[in-house]
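Structural description and commentary
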Amino acid sequence: MLDFAALMEYAFENRIYESDIHGIEHWHQVEFNGLLLAPKTGADMDVVRLFAIFHDCRRLDDGHDVEHGPRAAEFAKLCREQKLFELDDERFQKLYDACKLHTSMHRTGDPTVDTCFDADRLDLGRVGFKLDPKKMATEWGAKIARKSLTSGVSVFRMRPWIRSLEL
């Protein structure tokens, strides 16, 4: 069994950089986005939830920190080795790849990894970016992005708008 709350608290307490942009509110929104997408994409919900916890916990700053994904993947590996959570090797590899590649790769073809990518990208409104359907890794992420562009919703109101969606 995975204790997501305890693991999120541990990752948050051990983060490198305290951020309002990439902090706990973002982690919670990424989790919500991933759980919204997962039933449609066939993604592994546990991996998606773990991605939300780990993907930005090793940022050095809010700028263009290209190595934060690989550092996050290694931190997830360390936590697994410390028995803070259990995943079989195949599922852990998906988590590792999603963390490592989430800012450097557009799409992998794996539904779980790609859902993780979109869960993060769907929260770009918080920093003033419109959602771009072409930059989404899944069909469902692209559908949400297209709908956001035609809905007239402000990028800064994207979180409540996404939370009101029914897919």
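Preceding this paragraph is the structure being described.
Residues numbered from 1 in each chain as written. Predicted model: local features only at pLDDT ≥ 70, side-chain atom pairs only at ≥ 80, totals over all residues. Heavy atoms only, no water.

1. Remarks on the pattern of salt bridges
A complete count under the given rule lists 13 salt bridges for this structure. A salt bridge links Glu31 to Arg49; its shortest N-O distance comes to 2.5 Å. Residue Glu31 is found in helix H2 (residues 24–41), and its partner Arg49 is found in helix H3 (residues 45–54); the two are separated by 18 residues along the sequence. We classify Glu31 as buried; its relative accessible area is 14%. By relative accessible area, which is 25% here, Arg49 ends up partly exposed. When the shortest N-O distance is used, the salt bridge between Arg91 and Asp46 registers 3.1 Å. With Arg91 in helix H5 (residues 89–101) and Asp46 in helix H3, the pair connects residues that are 45 residues apart, well separated along the chain. A relative accessible area of 29% places Asp46 in the partly exposed class. Each of Glu25, Asp123, Arg126 and Arg159 takes part in one network of salt bridges that share partners. (Salt bridge = Lys/Arg side-chain N within 4 Å of Asp/Glu carboxyl O. Helix = DSSP H or I, 4+ residues; strand = E, 2+ residues; numbered from the N terminus. Buried < 20%, exposed > 50% of the residue type's maximum accessible area, 1.4 Å probe, protein only.)

2. Comments concerning unusual backbone geometry
Positive phi, normally seen in glycine, also occurs at Lys83, with a value near 65°. Here Lys83 is to be found in the loop between helix H4 (68–81) and H5.

3. Here we look at the side chain of His26
You can see His26 is positioned in helix H2. Taking relative accessible area as the criterion, His26 reaches 0% and is therefore assigned buried. Ignoring sequence-local partners within four residues, the contact set of His26 consists of Ile21, His55, Asp56, Asp120, Asp123, Arg126 and Arg159. (Contact = heavy atoms within 4.5 Å.)

4. Overview of the packing of aromatic side chains
Here the structure, examined in full by the defined rule, presents 6 aromatic pairs. Between the aromatic rings of Phe54 and Phe85, the centroid separation amounts to 5.6 Å while the plane-to-plane angle is 45°, which identifies the pairing as tilted. Within this pair, whereas Phe54 is found in helix H3, its partner Phe85 is found in the loop between H4 and H5, the two being separated by 31 residues in sequence. Aromatic ring contacts, followed pair by pair, group Tyr10, Phe54, Phe75, Phe85, Phe92 and Tyr96 into a single cluster. Its guanidinium or amino end placed over the ring of Trp140, Lys143 lies 4.2 Å from that ring's centre, counting from NZ or CZ. (Phe/Tyr/Trp six-rings, centres within 6.5 Å; stacked < 30°, edge-to-face > 60°. Lys NZ or Arg CZ within 6 Å of the ring centre and 35° of its normal.)

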